[in-house]
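# Observations on the three-dimensional arrangement
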Amino acid sequence: MSSLFKGVALFVALTCGVWIAVLWRWEVTARDMSLSDFVIYLGVLPLTVFALVLLLRRASRGALQRQAAAAAAGLSAVPAARTTGTDDDTQRHATVQLLAASLMCAAGTSAAELLAAAKDGAPRPALDPELRDDDGLPVFTARIAVLDPASLAPPLASLMEAARARHAEWAGVVPQEHVQRALAALQEPLSQAVMALAPWAARFATPAGGAPGCRVRVLIGLPADWTPFEQALGHAFATAVVATAEPSAIPAACLEVTSGTDTGEELLLQADRLLRALAREQLSEPLIVAACYSAIGEDAVDAMERGGSLFSSAKRPKGRIPGEAAAALVLAGADWPAADTEGSVPHLYRPTVLRRGKSVDAPGRIGSDLVSQAISQALSASGLPSEAICSLACDADQHTARGAELHGGAHGLLPHLDSGEDIHLAGTVTGAVDAVSALLIVACAAECATAGGQPCLAVTVGDPFTRMALVVLPDRPLEPGGATPAAAPAPATK
């Protein structure tokens with residue numbers, strides 16, 4: 001229906017343009033018009049122009065698809081080069097299970113709530129009750145209303161004392177407000193991720209006098225603008241959260257926490273490398289990927305104002321809207337045994353991650369070729385035709401060039417998706433949440449795939465440079481013969 005309306009609108013616009021040009025020409029030349037002139041110039045000519053425009057659009061769309069396919073063939077090694085560079089077809093089309101996804105953002109505490117908010121356009125970022133810009137005016141923010149950083153005061157105080165004991169130069173240093181809010185947002189999703197592994201508690205048990213059971217690697221993404229003290233505090237806090245999550249299914253000896261300042265896309269690439277390495281070693285061990293971010297605080301807003309990136313409807317209508325969020329994904333190889341619960345587990349194909357040469361926030365025209373390439377490569381990794389994708393989840397917003405970049409890149413490859421019903425723009429309600437954005441979108445794509453029973457495409461454009469695409473299935477993929485593979489026996493663990 002949307003395509004029909006667009007076609008009618010295009011025809012009306014072209015017809016009006018042709019009529020205006022013809023009538024103006026007749027007026028200036030004072031030509032004596034005949035009936036055949038009216039038929040040819042006011043009837044046949046608009047139809048001819050409309051047909052030519054349709055042919056040109058079809059030709060340009062075909063050229064774009066050929067270009068994307070050629071780019072996929074030439075750049076198909078880009079994601080794999082991050083792992084081995086010599087993956088065979090089995091590795092290239094491998095999937096991982098998304099055992100659980102937990103999140104917290106201004107739009108809700110689940111992927112379903114975030115998708116519903118994106119569809120309804122509410123709650124949208126609003127004027128903040130506390131924060132002001134340099135002109136004393138309230139700034140637009142996407143604040144988590146239920147967040148209570150004060151509840152973390154006792155555990156954070158203990159962790160800060162331990163950090164200061166190791167580094168004398170940190171004496172008297174305290175974390176900024178937005179750092180405390182980010183950690184407060186992280187606590188619940190990270191705890192839920194650990195608790196989601198409770199059905200497999202037996203695999204993590206440590207026999208008396210024996211080696212630790214199955215390991216769980218935890219990758220934590222912390223904001224790059226945090227100070228070394230704040231990053232050390234964030235690592236210690238995440239370690240404490242996973243060690244004390246209740247009901248505890250994982251002994252401390254089985255946990256391995258790593259933190260860094262990677263983007264969300266880089267975190268998912270790192271997870272892909274780890275899971276592929278475990279598969280080659282015939283080890284079946286799960287992985288938790290988590291990230292947190294907040295720009296809700298005077299220091300964070302001041303930094304954005306000084307950097308010229310803070311959104312302002314008058315001064316910077318294409319600026320960043322401060323947001324805050326945290327998310328955690330529990331991933332495992334395709335051979336990880338099923339839990340004794342009903343329902344399917346979504347599977348993720350390998351991510352395609354590419355990097356722009358120019359920031360999406362830079363002045364000038366923003367192209368969408370890289371998004372097209374990422375989508376094309378993600379489809380190639382899944383082995384699915386573009387028509388099989390029934391929905392798309394993305395972190396694009398509607399006030400920056402990200403929305404145009406997404407639609408320009410997706411339209412040529414996925415013309416059957418309706419922009420109002422099938423494409424979900426989470427960035428319109430979350431604000432800017434940096435590394436958390438990619439994890440939120442994977443969670444939303446998994447929710448779309450599971451709810452609709454059809455493949456969904458996850459695309460990220462929130463970062464100024466990095467672009468990612470991956471395909472999510474509602475259940476494990478079919479084998480070449482069309483049969484669903486049987487659950488594999490539990491592989492050996494370390």
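So, how was this worked out
- Residues numbered from 1 in each chain as written.
- Predicted model: local features only at pLDDT ≥ 70, side-chain atom pairs only at ≥ 80, totals over all residues.
- Heavy atoms only, no water.
- Patch = residues over 30% accessible without salt bridge, like charges linked within 9 Å, V, L, I, M, F, W, Y side chains within 5 Å.
- Areas by Shrake-Rupley, 256 points an atom, 1.4 Å probe, with all protein chains shown as cover.
- Salt bridge = Lys/Arg side-chain N within 4 Å of Asp/Glu carboxyl O.
- Helix = DSSP H or I, 4+ residues; strand = E, 2+ residues; numbered from the N terminus.
- Buried < 20%, exposed > 50% of the residue type's maximum accessible area, 1.4 Å probe, protein only.
- Lys, Arg positive; Asp, Glu negative; His and termini not counted.
- Polar contact = N/O pair within 3.5 Å; in protein donor to acceptor, adjacent residues only side chain to side chain.
- Contact = heavy atoms within 4.5 Å.
- Core = buried A, V, L, I, M, F, W, Y, C linked by side-chain atoms within 4.5 Å.
- pLDDT = per-residue confidence, 0-100.
- Expected span 1.5 Å × (residues − 1).
- Arc of directions from axis to C-beta.
- Phe/Tyr/Trp six-rings, centres within 6.5 Å; stacked < 30°, edge-to-face > 60°.
- Lys NZ or Arg CZ within 6 Å of the ring centre and 35° of its normal.
- 1 Å grid on protein atoms, 1.4 Å probe; cavity = no way out; pocket = protein on both sides within 12 Å on 5 of 7 lines; lining within 4 Å.
- Points joined across faces, edges and corners; volume = space filled by probe spheres on them.
- Nonpolar A, V, L, I, M, F, W, Y, C, P; charged D, E, K, R; others polar.
- Axes fitted to C-alpha atoms, helices over the stretch in contact; angles between N-to-C directions.
- Parallel < 35°, antiparallel > 145°, perpendicular 65-115°, else oblique.
- Left-handed = near helix turned anticlockwise from the far one by under 90°.

### Details of a nonpolar patch on the surface
A surface patch of nonpolar side chains, amounting to about 480 Å² of accessible area, comprises Leu35, Phe38, Val39, Ile40 and Val44. Inspection of the secondary structure assignment puts valine 44 in helix 2 (residues 35-75).

### Re the side chain of glutamate 265
Relative to the helices and strands, glutamate 265 is located in helix 10 (residues 264-280). The side chain of glutamate 265 is buried and forms no salt bridge, while arginine 467, the nearest opposite charge, is found at 6.1 Å. At a separation of 2.8 Å, a polar atom in the side chain of glutamate 265 contacts the side chain of threonine 460. Not counting residues within four places of it along the chain, the set of residues in contact with glutamate 265 comprises Val353, Ala438, Thr460, Asp463, Thr466 and Met468.

### Description of the nonpolar core
Most often, soluble globular proteins keep nonpolar side chains buried together rather than apart. Residues Leu114, Val289, Leu329, Leu331, Leu348, Val436 and Leu440 are the most contacted members of the largest nonpolar core, which totals 58 residues. Looking at this core, the element that brings in the most residues is helix 15 (residues 436-452), giving 12 residues. Discounting chain neighbours no more than four positions away, the residues touching leucine 348 are Ala94, Thr95, Val96, Leu98, Leu331, Val442, Leu470, Val471 and Val472. Grouped together as the second largest cluster of nonpolar side chains are 47 residues, Ala163, Trp200, Ile220 and Phe237 included.

### Side note on the confidence of the model for the protein
Here the protein shows a mean pLDDT of 87. Residues at 70 or above account for 87%. Throughout residues 67-87 the model reports pLDDT below 50, and contacts reaching past four residues in sequence, or to other chains, amount to 30 contacts.

### Quick notes on the environment of glutamate 256
Mapped onto the elements of the fold, glutamate 256 is located in strand 5 (residues 255-260). When the C-alpha positions of glutamate 256 and valine 216 are compared, they lie 6.2 Å apart, and in sequence the two are 40 residues distant. Contact partners of glutamate 256, with chain neighbours within four places excluded, come to Arg215, Val216, Arg217 and Val218. Within the local environment of glutamate 256, its side chain forms a polar contact with the side chain of arginine 215, the two groups lying 3.1 Å apart.

### Focus: helix 6 (residues 153-166)
Under the 1.5 Å per step criterion, the end-to-end length of helix 6 is 20 Å for 14 residues, consistent within 8% with the ideal 20 Å. Every buried residue belonging to helix 6 is among Leu156, Leu159, Met160 and Ala163, and all of these are buried. Buried residues along helix 6 cover an arc of 105 degrees about the axis, so they all sit on one side. Relative to its buried face, helix 6 has exposed residues pointing more than 90 degrees away, namely Pro154, Glu161 and Ala165. Those residues of helix 6 that are buried lie in contact with helix 7 (177-195) and helix 9 (228-244).

### Some thoughts on the packing of aromatic side chains
By convention here, two paired aromatic rings are described through the distance between centres and the angle between planes. Considering all chains together, one arrives at four aromatic pairs under this definition. Seen from their ring centres, tryptophan 170 and phenylalanine 229 are 5.4 Å apart, and the 70 degrees between their planes marks the pair as edge-to-face. You can see tryptophan 170 sitting in the loop between helix 6 and helix 7 and its partner phenylalanine 229 sitting in helix 9, a full 59 residues away along the chain. The pair formed by tryptophan 170 and phenylalanine 229 is uniform in burial state, with each residue classed as buried. A cation over a ring is seen here: arginine 203 above tryptophan 336, with NZ or CZ 4.4 Å from the ring centre.

### Observations regarding unusual backbone geometry
Cis geometry is adopted by the peptide bond preceding proline 123, which originates at alanine 122 and carries an omega value of 5 degrees. Checked against the element boundaries, proline 123 lands in the loop between helix 5 (111-120) and strand 2 (126-132). Positioned with a positive phi, glutamine 282 is a non-glycine residue whose angle comes to about 55 degrees. Among the secondary structure elements, glutamine 282 is positioned in the loop between helix 10 and strand 6 (287-294). Classification of glutamine 282 by relative accessible area gives exposed; the value is 62%. The backbone of aspartate 434 sits at a positive phi, close to 50 degrees, despite the residue not being glycine. Its location among the elements puts aspartate 434 in the loop between helix 14 (427-430) and helix 15.

### A few points about the layout of surface pockets
In this model, the largest pocket occupies a volume close to 800 Å³. If you tally residues by element for the lining of the largest pocket, the top one is helix 11 (residues 298-306), at four residues. Looking at the lining of the largest pocket, its residues break down into 17 nonpolar, 16 polar and 12 charged.

### Some words on the packing of helix 7 against helix 9
Where helix 7 contacts helix 9, the two axes come as close as 9 Å, and the packing angle between them is 25 degrees. Here helix 7 is positioned roughly parallel relative to helix 9, judged by the angle of their axes. In terms of crossing hand, the pair formed by helix 7 and helix 9 is right-handed. Along its contact with helix 7, which presents Val179, Leu183, Leu186, Gln187, Leu190, Ser191 and Val194, the element helix 9 presents Glu230, Leu233, Gly234, Phe237, Ala238, Val241 and Val242. Its residues assigned to classes, the contact of helix 7 with helix 9 shows 10 nonpolar, three polar and one charged.

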